[in-house]
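Below are the chains, spelled out letter by letter.
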Amino acid sequence: MLSRTPAEVAAHAAAAPGLPALDAAVADCFACPRLVAWREKVAAERRASFRDQEYWGRPVPGFGPADAEIGILGLAPAAHGGNRTGRVFTGDRSGDVLFAALHRAGLANQALSVSADDGLTLYHTRIFAAVRCAPPDNKPLPAERDTCAPWVHRELALLRPSLRVVIALGGFAWAAWWPAAAAVYGVRPPVPRPRFGHGAQVSLPGAPDLLGCYHVSQQNTFTGRLTPAMLDEVLGRAKESAGLA
Ligand code: SF4
């Protein structure tokens, strides 16, 4: 069931009866011409160090249990990470940092995340992105973000019975949360809208708590803007919000 237009994305997302069906439908999406062309170009050309590997080259679904209490909302897959391996944050430096922290927090069975069949299991946690295709320069256009939104909205709706807290990795994910909260939970953002910041927390009745965290990009982790200790602290707070601490 291919999705080739924004209307088909909305219809197919709404019709997904569960996360496995949603994951399958996401992977068959072709609704953003610029991103489809980019993900396929990257997959065809490949980075030299991955020359011998078959790239996924498609949208990247969420990863983690269907009854997760903690959600981690990212921006979009990396060109040579998720777009290569087919699993979100897998096979790149950002994922190395994130999954090591999840392992330290007891939310993953291993720190290693190199391929979709590496044995990684998440506990209580599901990771998903606001935009499901790798964008050039990691910058989706507003129209692409809006076209992709029904996928994340449906994912949140399916997680609703268990989800207690969402960690927004970076300002893009933070901004994507508010339309999702309105669509899924009927929650209107406070005015003025809470600003993104590392450690920022918003608790609104009827919706999961929202926690801000600097993105685990190399730009942040290599410069020390985001340290392992800072990530551990956010995950600890998420576990508290989720009743897991
Ligand atoms: S970004 Fe989202 S809506 Fe656009 S093609 Fe990829 S999965 Fe489909």
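Overview of the structure. None of these values were measured; they are calculated from a predicted model. (Residues numbered from 1 in each chain as written. Predicted model: local features only at pLDDT ≥ 70, side-chain atom pairs only at ≥ 80, totals over all residues. Heavy atoms only, no water.)

Another point: helix 6 (residues 142-159). Given a rise of 1.5 Å per residue, 18 residues ought to cover 26 Å, and the 25 Å separating the end C-alpha atoms of helix 6 matches this to within 8%. Taking the largest bend as the criterion, helix 6 deviates by roughly 40°, centred on C148, and proline P150 comes between one and four positions later. Taken together, the buried positions of helix 6 are occupied by E144, T147, C148, A149, W151, V152, H153, E155, L156, L158 and L159. (Helix = DSSP H or I, 4+ residues; strand = E, 2+ residues; numbered from the N terminus. Expected span 1.5 Å × (residues − 1). Bend = angle between axes of the 7 residues up to and from the residue. Buried < 20%, exposed > 50% of the residue type's maximum accessible area, 1.4 Å probe, protein only.)

Considering all chains together, one arrives at eleven salt bridges under this definition. The salt bridge involving E144 is made with R34; its shortest N-O contact spans 2.8 Å. Here E144 is found in helix 6, whereas its partner R34 is found in helix 3 (residues 33-45), with 110 residues between them in sequence. Between E233 and R237 there is a salt bridge, with its nearest N and O atoms 3.9 Å apart. Remark: R237 and E233 occur in helix 9 (residues 228-241); sequence separation between them is four residues, near one turn of the helix. On the basis of relative accessible area, E233 is assigned to the partly exposed category, the value being 41%. Linked by salt bridges that have partners in common, D23, R126, R132 and E155 make up one network. (Salt bridge = Lys/Arg side-chain N within 4 Å of Asp/Glu carboxyl O.)

The next thing to look at is helix 3. The first and last C-alpha atoms of helix 3 sit 18 Å apart over 13 residues, in line with the 18 Å expected at 1.5 Å per residue. Regarding helix 3, the residues found buried are L35, V36, R39, V42 and A43. Along the axis of helix 3, the buried positions cluster into a sector of 140°, meaning they face one direction only. Residues of helix 3 that are exposed and angled more than 90 degrees away from the buried face: P33 and A44. Packing partners of the buried residues in helix 3 comprise helix 4 (82-85) and helix 6. Downstream of helix 3 by one or two residues, R46 has phi in the positive range, about 60°. (Arc of directions from axis to C-beta. Contact = heavy atoms within 4.5 Å.)

Moving on, we come to the site of the ligand. Near the ligand the following residues occur: C29, A31, C32, L35, R39, P59, V131, R132, C133, T147, C148 and W151. Those elements giving two or more residues to the shell around the ligand turn out to be helix 3 and helix 6. The element contributing the most residues to the shell around the ligand is helix 6, with three residues. Partitioning the shell around the ligand into residue classes produces nine nonpolar, one polar and two charged. (Near = heavy atom within 4 Å. Nonpolar A, V, L, I, M, F, W, Y, C, P; charged D, E, K, R; others polar.)

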